[in-house]
Amino acid sequence: MLQEKLLNLPGFLYEINGMYYYLGKWICKECTDTDVSDCAVMYKMCRSGREEPDTNLYFQKIRAYSDFALEVPYNSVKVKEDIALLIDGISKDALEFLKTQILQFEEDLIKYS
């Protein structure tokens, strides 16, 4: 179910076990760019502080970074398999944290789109 949800959402950056991953309908890729992960930290801080304009700014930046990280040609089978492997390989706590991040993304996608 979580895999199907991700495969229907636009790409975004999620933290899993201290590492960052671009996940979405067109992407499953580790993010090693510190500028992007710094945006994710700022996004979380602004979101928890209810700083709407700044939360929107970092949300939009992360969405743009996620689109720039897409690989051509797109391989839907590989993305689906990679997301399944990633989800199957994480702990229950990490899975719950990922679910929370996805719910927050869905809320903000509606709010900032």
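Worth saying up front: this structure is predicted, and the values here are computed from it rather than measured. (Residues numbered from 1 in each chain as written. Predicted model: local features only at pLDDT ≥ 70, side-chain atom pairs only at ≥ 80, totals over all residues. Heavy atoms only, no water.)

J.: Which residues make up the overall build of the protein chain, and what are the values?
T.: Of the regular secondary structure elements, the protein chain holds 5 helices and 3 strands. Listing the helices and strands of the protein chain from first to last along the sequence gives α-β-β-β-α-α-α-α. Over its C-alpha atoms, taken along the principal directions, the protein chain stretches across nearly 40 × 30 × 25 Å. Burial statistics for the protein chain: of 113 residues in total, 40% are counted as buried. Within the protein chain, residue pairs in contact and separated by at least 24 positions form 63% of the contacts whose partners lie at least 6 positions apart. A total accessible area of about 6700 Å² is found for the protein chain, and carbon and sulfur atoms account for 55% of it. (Helix = DSSP H or I, 4+ residues; strand = E, 2+ residues; numbered from the N terminus. Buried < 20%, exposed > 50% of the residue type's maximum accessible area, 1.4 Å probe, protein only. Contact = heavy atoms within 4.5 Å. Areas by Shrake-Rupley, 256 points an atom, 1.4 Å probe, with all protein chains shown as cover.)

J.: Tell me about helix α4 (residues 76-88), residues and numbers included.
T.: Counted at 1.5 Å a residue, the expected span for α4 with its 13 residues is 18 Å, and the 18 Å between its end C-alpha atoms agrees. Val79, Ile83, Ala84, Leu86 and Ile87 are the residues of α4 that are buried. Along α4, the residues classed as buried sweep out an arc of 165 degrees about the axis, all on the same side. Facing away from the buried surface of α4 by more than 90 degrees, the exposed residues are Val77, Leu85 and Asp88. Capping of α4 at its N-terminal end is provided by Asn75; its side-chain oxygen lies 3.2 Å from the backbone amide nitrogen of Val77. (Expected span 1.5 Å × (residues − 1). Arc of directions from axis to C-beta. Polar contact = N/O pair within 3.5 Å; in protein donor to acceptor, adjacent residues only side chain to side chain.)

J.: Hey, could you go over the packing of aromatic side chains for me, with residue numbers and the actual values?
T.: In this description, a pair of aromatic rings is defined by centroid distance and the angle of the planes. Inspection of every chain in the model, using the stated rule, returns 8 aromatic pairs. Pairing Phe12 with Tyr43 gives two aromatic rings, centres 5.6 Å apart and planes at 75 degrees, and the pair type is edge-to-face. On the criterion of sequence distance, the pair formed by Phe12 in strand β1 (residues 12-16) and Tyr43 in helix α2 (residues 34-48) is long-range, its members being 31 residues apart. Side by side, Phe12 and Tyr43 carry an identical accessibility label, which is buried. Pairing Phe12 with Phe105 gives two aromatic rings, centres 4.5 Å apart and planes at 35 degrees, and the pair type is tilted. Of this pair, Phe12 sits in strand β1 while Phe105 sits in helix α5 (residues 92-112), placing them 93 residues apart in sequence. (Phe/Tyr/Trp six-rings, centres within 6.5 Å; stacked < 30°, edge-to-face > 60°.)

J.: Describe the pairing of strand β2 (residues 19-24), listing the residues and the values that go with them.
T.: Within β2, 5 of the 6 residues are buried, leaving the element largely enclosed by the surrounding structure. With 5 bridges connecting them, β2 and strand β3 (residues 27-31) associate as antiparallel partners. Note that in β3 the partner of Tyr20 across the bridge is Cys31. The hairpin formed by β2 and β3 contains 2 residues between the paired strands. (Pairing = 2+ DSSP bridges.)

J.: With reference to specific residues and values, describe unusual backbone geometry.
T.: Pro73 follows Val72 through a cis peptide bond whose omega is 0 degrees. Residue placement: Pro73 occurs in the loop between α3 (52-68) and α4. One non-glycine residue with positive phi stands out, namely Asn17, at about 55 degrees. You can see Asn17 is positioned in the loop between β1 and β2. At Arg50, a residue that is not glycine, the phi angle is positive and equals roughly 55 degrees. Inspection of the secondary structure puts Arg50 in the loop between α2 and α3. Residue classification places Arg50 among the exposed residues on the basis of a relative accessible area of 71%.

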